[in-house]
2 protein chains.
Amino acid sequence: MSTAFKTPADVEDSYYDAIDECDLEKMMSVWDHSPQAACLLPMQPMHHGTEAIRAMWKPMLDPELQVDITVNHLEWIEQGDMAIHLLEERVTLKGTGERQPPIYATNVYRRDQEGWHLLLHVNSPAPPPPGLAPGGPGVS
Amino acid sequence: MSTAFKTPADVEDSYYDAIDECDLEKMMSVWDHSPQAACLLPMQPMHHGTEAIRAMWKPMLDPELQVDITVNHLEWIEQGDMAIHLLEERVTLKGTGERQPPIYATNVYRRDQEGWHLLLHVNSPAPPPPGLAPGGPGVS
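Residues numbered from 1 in each chain as written. Chains lettered and ligands numbered in written order. Predicted model: local features only at pLDDT ≥ 70, side-chain atom pairs only at ≥ 80, totals over all residues. Heavy atoms only, no water.

Enquirer: Provide a residue-level description of the relation of the copies chain A and chain B, including the pertinent values.
Expert: Two chain copies, one operation linking them: a rotation about an axis together with a shift along it. When chain A is fitted to chain B, the residual RMSD is 0.0 Å, and the transformation amounts to a turn of 180° plus an axial shift of 0.0 Å. When the rotation and shift are considered jointly, the pair of chain copies conforms to a two-fold rotation axis. Minimal C-alpha distance to the rotation axis in chain A is attained by A:Ser124, lying at 2.3 Å. Interface overlap between copies: 100% of the residues of chain A at the interface are likewise at the interface in chain B, consistent with a symmetric, same-surface contact. (Least-squares fit on C-alpha atoms with pLDDT ≥ 70 in both. Contact = heavy atoms within 4.5 Å.)

Enquirer: I'd love a proper account of the sheet that holds strand 4 (residues 82-93) of chain B, names of residues and values included.
Expert: The pairing of strands in a sheet comes from backbone hydrogen bonds and takes either a parallel or an antiparallel form. All names here are of chain B. One open sheet accounts for 6 strands, arranged 2-1-6-5-4-3; its pairing is mixed. Among the strands making up the open sheet, the edge pair consists of strand 2 (47-48) and strand 3 (67-79). For strand 3 and strand 4, the ladder comprises 12 bridges, and the chain directions are antiparallel. Bridged to Thr70 within strand 4 is Arg90. Seen against the sheet, helix 1 (residues 8-20) touches strand 3, strand 4, strand 5 (103-111) and strand 6 (116-125) and runs at an angle of roughly 165° to strand 3. (Pairing = 2+ DSSP bridges. Helix = DSSP H or I, 4+ residues; strand = E, 2+ residues; numbered from the N terminus. Axes fitted to C-alpha atoms, helices over the stretch in contact; angles between N-to-C directions.)

Enquirer: Describe the packing of aromatic side chains, listing the residues and the values that go with them.
Expert: Summed over the entire model, instances satisfying the criterion amount to 6 aromatic pairs over all chains. Summarising the aromatic geometry, the rings of A:Tyr15 and A:Tyr16 are spaced 4.8 Å apart at their centres and angled 90° between planes, so their arrangement reads as edge-to-face. Like A:Tyr16, A:Tyr15 is buried. Pairing B:Tyr15 with B:Trp57 gives two aromatic rings, centres 5.9 Å apart and planes at 85°, and the pair type is edge-to-face. (Phe/Tyr/Trp six-rings, centres within 6.5 Å; stacked < 30°, edge-to-face > 60°. Buried < 20%, exposed > 50% of the residue type's maximum accessible area, 1.4 Å probe, protein only.)

Enquirer: Run through the sheet that holds strand 5 (residues 103-111) of chain A, naming residues and quoting values.
Expert: Residue and element names in this part refer to chain A. The strand order 2-1-6-5-4-3 describes an open sheet built from 6 strands, whose pairing is mixed. Of all the strands in the sheet, the pair left with one neighbour each is strand 2 (47-48) and strand 3 (67-79). Pairing geometry for strand 1 (residues 38-40) and strand 2, over 2 bridges, is antiparallel. Considered in strand 2, the bridge of Cys39 is made with His47. The strands that helix 1 (residues 8-20) touches are strand 3, strand 4 (82-93), strand 5 and strand 6 (116-125); relative to strand 3, the one it contacts most, it runs at about 165°.

Enquirer: For helix 3 (residues 50-60) of chain B, give the residues involved together with the corresponding values.
Expert: All names here are of chain B. When helix 3 is considered as a whole, its buried residues turn out to be Ile53, Met56, Trp57 and Met60. When helix 3 is viewed along its axis, its buried side chains cluster within an angular range of 90° and face the same direction. Of the exposed residues in helix 3, those oriented more than 90 degrees away from the buried face are Glu51, Ala55 and Lys58. (Arc of directions from axis to C-beta.)

Enquirer: Break down the pattern of salt bridges for me, with residues and values.
Expert: All names here are of chain A. Counted under the stated rule, the structure contains 12 salt bridges over all chains. Of the charged contacts in the structure, one is a salt bridge between Lys94 and Asp20, with a shortest N-O distance of 3.2 Å. With a gap of 74 residues between them, Lys94 in the loop between strand 4 and strand 5 and Asp20 in helix 1 connect regions that are remote in the sequence. On the accessibility criterion, Asp20 (34% relative accessible area) is partly exposed. Residue Asp32 pairs with Arg110 through a salt bridge whose shortest N-O separation is 3.2 Å. Here Asp32, found in the loop between helix 2 (24-29) and strand 1, pairs with Arg110, found in strand 5; they are 78 residues apart in sequence, far enough to count as distant. (Salt bridge = Lys/Arg side-chain N within 4 Å of Asp/Glu carboxyl O.)

Enquirer: Report on the interface of chain A and chain B, specifying residues and quantitative values.
Expert: Taken together, the contact between chain A and chain B spans 52 residues of the former and 52 residues of the latter. Across the chain A to chain B interface the summed buried area is about 4100 Å²; carbon plus sulfur atoms make up 69%. Viewed at the interface, chain B and chain A are joined by 0 salt bridges. Between chain A and chain B we count 11 residue pairs in polar contact (both at pLDDT 80 or more) in total. Elements with a minimum of two residues in the side of chain A that touches chain B: helix 1, strand 1, helix 3 (50-60), strand 3, strand 4, strand 5 and strand 6 of chain A. Grouping the constituent residues of the side of chain A that touches chain B by class yields 36 nonpolar, 11 polar and 5 charged. (Buried area = accessible area lost by both parts, 1.4 Å probe. Polar contact = N/O pair within 3.5 Å; in protein donor to acceptor, adjacent residues only side chain to side chain. Nonpolar A, V, L, I, M, F, W, Y, C, P; charged D, E, K, R; others polar.)

Enquirer: Residues and numbers for the environment of A:Asp10, please.
Expert: Along the chain, A:Asp10 turns up in helix 1. Considering only alpha carbons, one finds A:Asp10 and A:Pro127, 117 residues apart in sequence, at a separation of 29 Å.

Structure follows, in structure tokens:
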């Protein structure tokens, strides 16, 4: 199923709604259909293309594993047919109430003839709490 | 110092050269000058804007902490005045020869009137080796 989203914010709302509702078809409706689409979740390899992205999400949208995600908006960049949203996600496992450490997300949206879709979703860990951060080069 | 880069690949080359050469001015020449510029290195908070990015890189480009980075190209997306490069970085600490686990990088470039600059650099850990990956929801 493909959905014509009018704005990148509409795509993003549907992405997080799909997780909240454990709805695989809604999840897949948000993705750009090119092989360039890529999704990187914590502790996972990067998955490229909608087939691989669907195969990765399918077991994770099991209602028994349901999670609650709240997001904190950091930055919104829009230029031509691309939009990038940097945000912080706070994930709680609904079954146990366990809160996971916050993580960053980089969401990249692209507009094609149909409308806007999600091209990249990339998670990164947020740093450890103050006092635990290393002073070393941790560089890249 | 600002440099007019003709292609996003030129920006990327200078970014990794700056790390290799421990050259803070070269590092700063690659960045987009808007407050939207953001850099996320492992174990660090996200830094926004060139002043914060300079303050973060300054101690890390100390020649005593010199690192060697080799990159593996995963995906290149270009659309209008934006370009995105997904890659894998392998970092070795030159002093000790210690190899750190590979990490992903998402590099976003933007073209303005001067030329191309680096708008976002976001690192994410690569997954643990097969067999250590969790089967759980690790979701976002």
